[in-house]
Each structure stands twice: as structure tokens, then as C-alpha cells.
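# Examination of the molecular architecture
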Amino acid sequence: MTPEMFESVEAYNAAHPTTPFPAERHKRSVLRGYRAAMRGVTDDVTGTGSGASLTVDFLPGGAPLPDEADRVGTVVASRWGEGPVLVLAENVSLRAAWQAVKDAWPTHLSDVRSALEELATADA
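Let us look at the structure shown here.

So, how was this worked out
Residues numbered from 1 in each chain as written. Predicted model: local features only at pLDDT ≥ 70, side-chain atom pairs only at ≥ 80, totals over all residues. Heavy atoms only, no water. Helix = DSSP H or I, 4+ residues; strand = E, 2+ residues; numbered from the N terminus. Rg over C-alpha atoms; globule rule 2.2 N^0.38 Å. Buried < 20%, exposed > 50% of the residue type's maximum accessible area, 1.4 Å probe, protein only. Contact = heavy atoms within 4.5 Å. Areas by Shrake-Rupley, 256 points an atom, 1.4 Å probe, with all protein chains shown as cover. Lys, Arg positive; Asp, Glu negative; His and termini not counted. Charge placed at Lys NZ, Arg CZ, Asp CG, Glu CD. Pairing = 2+ DSSP bridges. Axes fitted to C-alpha atoms, helices over the stretch in contact; angles between N-to-C directions.

A tally of helices and strands in the protein yields four helices and five strands. Ordering the α and β elements of the protein from the N terminus gives β-α-α-β-β-β-β-α-α. Over its C-alpha atoms the protein spans a radius of gyration of 13 Å, differing by no more than 12% from the 14 Å that the globule rule assigns to 124 residues. Residue burial in the protein is summarised as follows: out of 124 residues, 45% are buried. A fraction of 55% describes how many contacts in the protein between residues 6 or more apart in sequence connect residues 24 or more apart. Accessible surface, the protein as shown: approximately 6,400 Å² in total, 54% of it carbon and sulfur. Considering the protein, the positive charge centre built from 11 side chains and the negative charge centre built from 17 side chains are found 7 Å apart.

Our focus in this paragraph is the environment of Arg 113. Mapped onto the fold, Arg 113 is located in helix H4 (residues 109–123). Looking at Arg 113, the relative accessible area reads 17%, which means it is buried. For the pair formed by Arg 113 and Ala 89, sequence separation is 24 residues and the distance between their alpha carbons is 8.2 Å.

A separate point is the sheet that holds strand E2 (residues 41–42). The strand order E1-E5-E4-E3-E2 describes an open sheet built from five strands, whose pairing is antiparallel. Each end of this open sheet is capped by a strand with a single partner; those strands are strand E1 (4–6) and E2. Across five bridges, the pairing between strand E3 (residues 53–59) and strand E4 (residues 72–79) is antiparallel. Across the sheet, residue Leu 59 finds its bridge partner in E4, namely Thr 74. Along the sheet, helix H3 (residues 94–104) contacts E3, E4 and strand E5 (82–93); its crossing angle with E5, the most-contacted strand, is approximately 115°.

In C-alpha cells form, the structure reads like this:
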């Protein structure tokens, strides 16, 4: 199944007001997210043929640091904080999602989705 896609950050934010992507580009770029050793995650899911390099973000606020409280939110992939925005998981523990993605160390979007699906299965 192809993830829900929004053409822009603004379109994503309109549909997901409780888990927004920061509107300002510099605030998006400092979110604690997953970038596959700064190479980006290869898009092998959307079928656009772009093979785009993506970053995975944990909204709102980025993946929680070890000393921060956990949050429930949405995991998205984007072209380094620019549209389109792909929704990968909703209403999940951002700490657990971060750990699942980090443990899997995926380089392809399909592998990110698999790591998040395992998280959903473990919670069920």
C-alpha cells in the first residue's frame, strides 16, 4: 500500500494540525530525524521512479531525546523537509518509532515502513 501523500508541507499541516511539520524551513532542518547516515532514504515505494533521497521525521517536534518525555505522533518522509510529504505511521509512540527505525537502519523507504509495521504489530 502506498503511503498517503501530500504535495506540500502546508497541505500536510492542514490535514494533520495536531502533528504539524514546522512551517519554517530552518526549523524543519533541525528536527531529530532519520537520514541513513546523511545519505537519505531511497524512495522505492511511491512508484514515481524518482528514487528520491528522503528524510524520515517524527512529528511533532522530532524524535524525543533520551531525557525527554515520549510523545504520540506521526512519522513522515519528505525530501529533506520539502514536499511531497508521505505519511508512514500515525498515532504512534515517537520514541518507539525512532527506536524501531534506528534499530533497522534502513536505506530504503520500504524498509522504514517494515520497521514501523513491526512496531504496530508489537503494540497490537
